[in-house]
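Residues per chain, in single letters:
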Amino acid sequence: MATHRIWNPAAECMPREQLRALQLERLKDVVRREYDNVPLYRRRMDEKGVKPEDIRSLDDLQYLPFMQKTDLRDEYPTGLFAVPRREIVRLQGSSGTTGKPILAGYTRNDLDNWSEMMARTIGAANATADDIVQVAYGYGLFTGGMGAHQGATKLGAMVIPMSSGNTAKQIMMMQDVGTTILSCTPSYAIHIAETIHEMGIPLSSLKLRAGTFGAEPWTEAMRKRLETLLNIDALDIYGLTEICGPGVAYECLEKQGMHVNEDHVIVEIIDPVTEKPLPYGEKGELVFTTITKEGMPMLRFRTHDLCQLDASPCACGRTFVRMKRIMGRTDDMLIIRGVNVFPSQIESVLVSIHGVAPHYMLVVDRQGATDTLEIQVEITEDVFADTVGQLETLEKQINERIKSVVGISANIKLVAPKSIPRSEGKAKRVIDKRKL
Ligand code: DLL
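Residues numbered from 1 in each chain as written. Predicted model: local features only at pLDDT ≥ 70, side-chain atom pairs only at ≥ 80, totals over all residues. Heavy atoms only, no water.

Asks: Which parts of the structure should I look at to understand the overall build of the chain?
Replies: Helix and strand content of the chain: 12 helices and 21 strands. Over its C-alpha trace the chain gives a radius of gyration of 23 Å, about what one expects of a compact globule, namely 22 Å for 436 residues. For the chain, the residues scored as buried account for 55% of the 436 residues in total. Contacts in the chain between residues far apart in sequence, at least 24 positions, make up 66% of those at least 6 positions apart. (Helix = DSSP H or I, 4+ residues; strand = E, 2+ residues; numbered from the N terminus. Rg over C-alpha atoms; globule rule 2.2 N^0.38 Å. Buried < 20%, exposed > 50% of the residue type's maximum accessible area, 1.4 Å probe, protein only. Contact = heavy atoms within 4.5 Å.)

Asks: So what exactly am I meant to see when it comes to the nonpolar core here?
Replies: Note that soluble globular proteins tend to have their nonpolar side chains buried in a common cluster. Leu-27, Tyr-238, Leu-286, Phe-288, Met-298 and Met-323 are the most contacted members of the largest nonpolar core, which totals 68 residues. Among the elements that take part in this core, helix 5 (residues 108–123) stands out by supplying six residues, more than any other. Ignoring any residue separated from it by four or fewer positions in sequence, one finds Met-298 in contact with Glu-34, Tyr-41, Met-67, Leu-72, Leu-80, Glu-242, Ile-243, Phe-288, Thr-289 and Thr-290. (Core = buried A, V, L, I, M, F, W, Y, C linked by side-chain atoms within 4.5 Å.)

Asks: I tried to follow the pairing of strand 3 (residues 132–135) on my own but got confused; where do I start?
Replies: Note on strand geometry: in a regular strand, side chains alternate between the two faces of the sheet. Residues of strand 3 alternate between two faces, with Ile-132 and Gln-134 on one and Val-133 and Val-135 on the opposite face, all of them buried. Looking at chain direction, strand 3 and strand 4 (residues 158–161) are connected through four bridges and run parallel. Note on strand 4: the bridge partner recorded for Ile-132 is Met-158. Regarding topology, helix 6 (residues 143–155) serves as the crossover connection from strand 3 to the parallel strand 4, and that connection is right-handed. When strand 3 meets strand 5 (residues 181–184), the two strands line up parallel, connected through three bridges. Bridge pairing in strand 5 places Val-135 opposite Ser-183. (Pairing = 2+ DSSP bridges. Right-handed = clockwise from strand over helix to strand, strands pointing away.)

Asks: Looking at this model, I keep getting lost on the packing of aromatic side chains. Mind explaining?
Replies: Two measures describe an aromatic ring pair: the distance that separates the ring centres and the angle between the ring planes. Within this structure, the stated rule accounts for four aromatic pairs. Their ring planes at 35 degrees and their centres at 6.0 Å tell us that Tyr-238 and Phe-288 sit as a pair that is tilted. Residue Tyr-238 is located in strand 7 (residues 233–240), and its partner Phe-288 is located in strand 11 (residues 284–290); the two are separated by 50 residues in the primary sequence. Per residue, the accessibility class of Tyr-238 equals that of Phe-288, and both read buried. Directly above the ring of Tyr-106 sits Lys-293, whose terminal nitrogen or CZ lies 5.4 Å from the centroid. (Phe/Tyr/Trp six-rings, centres within 6.5 Å; stacked < 30°, edge-to-face > 60°. Lys NZ or Arg CZ within 6 Å of the ring centre and 35° of its normal.)

Asks: Even after reading the chapter, I still don't get the UniProt feature "domain: AMP-dependent synthetase/ligase" (unreviewed entry) in the chain, so can you show me in this structure?
Replies: Sequence positions flagged by UniProt for "domain: AMP-dependent synthetase/ligase" (unreviewed entry) are, in local numbering, residues 85–288. For residues 85–288, the helix share is 32%, the strand share is 28%, and the end-to-end C-alpha distance is 24 Å. (UniProt positions renumbered as here; feature names shortened; annotations may be inferred.)

Asks: I would appreciate a short explanation of the sheet that holds strand 3 in the present structure.
Replies: The pairing of strands in a sheet happens through backbone hydrogen bonds and is either parallel or antiparallel. Strand order in the open sheet formed by nine strands is 4-3-5-6-7-8-9-14-13, with mixed pairing between adjacent strands. The open sheet has two edge strands with one neighbour each: strand 4 and strand 13 (309–310). Where strand 6 (residues 210–214) lies against strand 7, five bridges are found, and the strand directions are parallel. Residue Thr-212 lies in a different strand from strand 7, and its bridge partner there is Leu-235. Contacting strand 3, strand 4 and strand 5, helix 7 (residues 167–178) crosses the sheet at an angle of about 170 degrees to strand 3. With respect to the sheet, helix 8 (residues 186–198) is in contact with strand 5 and strand 6, its orientation differing from that of strand 5 by roughly 130 degrees. (Axes fitted to C-alpha atoms, helices over the stretch in contact; angles between N-to-C directions.)

Below, the structure is given as structure tokens:
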């Protein structure tokens, strides 16, 4: 039996009755703020004939309109902010469905709450001020680096803000400084672990004991592999930019699903087709409502992540409902090397380049622990006759444009006109060969 250290027992182990009362009070408040301050919400609620005062119980949540990633794109950059610009102290972001990122704004209170949510997350690995947390999530607009950094700082742990990449240096720091907790994507953790073994570094020279891994789908088999290769507890953590970033839900050492930080967010599962709420235990799409956010609150944000909720009590003593591993997505978003990629983004780049036909195929694979992306691009008849040098230049140009818009580099393979299979129904544009 694992022993459980709990960062904030008053919140994390709150009796459910009390938690629900708190959620209702906070929900009423956020709905009022959204209605008063964000034109899109007011319009949507008016269209549905719902007023803030109609929210009298948690069940009334179902009468509120949904929000989608496309709303963030349409209201880009700041149309969903619910407070004056000068109260926003931070922007974070992630890729949207087109070339523009989606942006989230945080007030000072939002940053405090996010840090708290992440302190609970890293704290669930039994972390304390005695720990050394190496953050190998990317820093920048992506929420992984900053989120883990702030949470570990709030815990009082010592943070090594490595960001991702430079694996040899990551390993050197682990050895020299005595990192106890590694925070990065699971695929990068596997890459680090395999490199440690390839370099012949004995595990006894490391002090690692846990990892908080997320931002992309992974499996129990990957957990076992990480735990064996590194001799650690590998914990799943979940979040998304629109809600706060990482820290929405986190696993405890029971490893039986991720506790949702329910005093800050309300989680629902809906049927993605009928959009009706489903009871706990059924598989459906996760929907989140932020109840403490000030800068850019979200009511009923549709994540497109497929999951199941589990309301049974957990042996750790936390009372927050748990979500199982993410089981897939209802849309075509891919996560490649931790970056969210929509085929539509790639298409928008391709159609803007002369000599390229709007026919392409994305082939995603995994070499070792690293995702690879090959883009097969059909060229037009006139360009087909070009010299090898000209075609190489075209490949380079496509790769650079993809890199700047999508954020990852790809292997561009130009193919002859009419060689990509045409489909009569929904075009199949992605072959994902990764076997997680
Ligand atoms: O990935 C935030 C994050 C950073 C979470 C670090 C965990 C650790 P976005 O870039 O907005 O935010 O991507 C959010 O990533 O809707 C899921 O599809 C996927 N995702 C995040 N965590 C997990 C996980 C961050 N543990 C999108 N398992 C989400 C599976 C995950 N998928």
